[in-house]
Amino acid sequence: MGVVNVTPDSFSDGGVNFDPDDAAASAQRMLDEGAAIVDVGGESTRPGAEPVSLEEELRRVIPVLERLEGEVSVSIDTSKADVARRALELGAELVNDVTALRSDPELAEVVAERGAYLCLMHMLGEPRTMQRDPRYDDVAAEVASFLEARLTAAVAAGIREELICLDPGIGFGKTVEHNFELIRRLDELTAIGRPVVVGISRKSSLGKLLGDPDATTGTTAASVGAAVAAYERGATILRVHDVREHVEALTAAAAVRG
Ligand code: HH2
């Protein structure tokens, strides 16, 4: 899954795809490089980010989705029912909700009605404050039980289980240690029985791991290493910014697996 952030302030690529023509070209390039789907988002959820209004989010993503309609497989990264509805009308196939249906009470209905795929992600707290001293007794067990509960809630809201994937939410209310432990223990999430998405690409934990305690991003090489490790532990979808490098590495890893 290639990431196309139509934002001025995303943590690693803010501003790069703020123009709709640039965003559409990036999406097309990612598809050419081997992405199966592109994740288009109009609201940064980086630590400390302020929420974006509905009007502004629509203004950012709709022109991009119009350019991609019928051309590429699209995921819409949003927590807002009105953004998801419009995106699905414009051909998006998957709704990627980092709040796991906890923020907009109408979003589940939109996903159910349209028969869209859905990604449910774990987050502790909210982006503005989530990195202030996150604590768990057992991070993998708590994330697994959260995702199981959200899966049950989504199915109860009329979304077909076979359309749902789960995501531990790397960097969303987690320390560096929490993030790597979640990938190390990914089997506890795949045991729930749904495909698992992992998005560690360029995240600050990678930069911190490599020795910069103030890092806000990580390198492509470190991202690829973590993605291959996640793949080895059962991740089905890797959400990444540098598609070519990940496709090459994962193709080699898949060949080794046989
Ligand atoms: N990470 C980000 C945003 N959306 N969705 C899923 N399912 N999983 C993730 O790990 C995830 C996500 C944050 O990364 P990015 O989009 O690059 O940055 P920003 O939120 O600053 O736009």
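This structure is a prediction, so every number in the text was calculated from the model and none was measured.

Quick word on the overall build of the chain
Right, so step 1: A count of helices and strands for the chain gives 10 helices and 8 strands.
Right, so step 2: Over its C-alpha atoms the chain spans a radius of gyration of 17 Å, differing by no more than 12% from the 18 Å that the globule rule assigns to 258 residues.
Right, so step 3: For the C-alpha atoms alone, the extent of the chain along its principal axes is close to 40 × 40 × 40 Å.
Right, so step 4: Out of the 258 residues in the chain, the part that is buried amounts to 53%.
Right, so step 5: A fraction of 64% describes how many contacts in the chain between residues 6 or more apart in sequence connect residues 24 or more apart.
Right, so step 6: By element, 49% of the accessible surface of the chain is carried by carbon and sulfur atoms, the whole surface being about 11,100 Å².
Right, so step 7: The average position of the 26 basic charges and that of the 44 acidic charges among the side chains of the chain differ by 2 Å.

Brief notes about the sheet that holds strand 4 (residues 94-97)
Sheet strands associate in pairs through backbone hydrogen bonding, adopting either a parallel or an antiparallel arrangement.
Right, so step 1: Sheet architecture is open: 6 strands sit in the order 1-2-3-4-5-6, paired in parallel fashion. Looking at the sheet topology across the chains shown, the edges are occupied by strand 1 (2-5) and strand 6 (164-167). For this sheet the average axis-to-axis angle between neighbouring strands, irrespective of direction, equals 25°.
Right, so step 2: The sheet contact formed by strand 2 (residues 38-41) and strand 3 (residues 74-77) spans 4 bridges and is parallel. Paired with Asp 39 across the two strands is Ser 75, which belongs to strand 3.
Right, so step 3: Lying on the sheet, helix 5 (residues 139-156) is in contact with strand 5 (117-121) and strand 6; it crosses strand 5 at an angle near 145°.

Some details on the site of the ligand
Right, so step 1: Near the ligand, the surroundings consist of 18 residues, among which Ser 10, Ser 44, Asp 167, Lys 203 and His 241 are the closest.
Right, so step 2: One of the backbone N or O atoms of Arg 46 is found 3.5 Å from an oxygen atom in the ligand.
Right, so step 3: The side chain of Asp 167 places a nitrogen or oxygen atom 2.7 Å from a nitrogen atom of the ligand.
Right, so step 4: Relative to its free-state accessible area of 480 Å², the ligand is covered by the protein chains to the extent of 99%.
Right, so step 5: Every element with two or more residues in the shell around the ligand is listed here: strand 1 and strand 5.
Right, so step 6: Classifying every residue of the shell around the ligand by side-chain character gives 6 nonpolar, 7 polar and 5 charged.

A few points about the pairing of strand 6
Right, so step 1: Residues Ile 164 and Leu 166 point to one face of strand 6 and Cys 165 and Asp 167 to the other, with burial holding for every one of them.
Right, so step 2: As defined by bridge partners, strand 5 adjoins strand 6 across 4 bridges and the pair is classed as parallel. Within strand 6, the position partnered with Leu 120 by the bridge is Leu 166.
Right, so step 3: Crossover handedness for the path strand 5 to helix 5 to strand 6: right-handed.

Thoughts on helix 10 (residues 243-257)
Right, so step 1: The end-to-end C-alpha distance of helix 10, which contains 15 residues, comes to 20 Å, matching closely the 21 Å that a straight helix rising 1.5 Å per residue would cover.
Right, so step 2: The set of residues buried in helix 10 consists of Val 243, His 246, Ala 249, Leu 250 and Ala 253. Buried residues of helix 10, viewed axially, fall in a sector of 140°; they line one side. Along helix 10, exposed side chains directed more than 90 degrees from the buried face belong to Glu 248 and Ala 255.
Right, so step 3: Positive backbone phi, approximately 85°, marks Gly 258, located one or two places after helix 10.

What counts as what
Residues numbered from 1 in each chain as written. Predicted model: local features only at pLDDT ≥ 70, side-chain atom pairs only at ≥ 80, totals over all residues. Heavy atoms only, no water. Helix = DSSP H or I, 4+ residues; strand = E, 2+ residues; numbered from the N terminus. Rg over C-alpha atoms; globule rule 2.2 N^0.38 Å. Buried < 20%, exposed > 50% of the residue type's maximum accessible area, 1.4 Å probe, protein only. Contact = heavy atoms within 4.5 Å. Areas by Shrake-Rupley, 256 points an atom, 1.4 Å probe, with all protein chains shown as cover. Lys, Arg positive; Asp, Glu negative; His and termini not counted. Charge placed at Lys NZ, Arg CZ, Asp CG, Glu CD. Pairing = 2+ DSSP bridges. Axes fitted to C-alpha atoms, helices over the stretch in contact; angles between N-to-C directions. Near = heavy atom within 4 Å. Polar contact = N/O pair within 3.5 Å; in protein donor to acceptor, adjacent residues only side chain to side chain. Nonpolar A, V, L, I, M, F, W, Y, C, P; charged D, E, K, R; others polar. Right-handed = clockwise from strand over helix to strand, strands pointing away. Expected span 1.5 Å × (residues − 1). Arc of directions from axis to C-beta.

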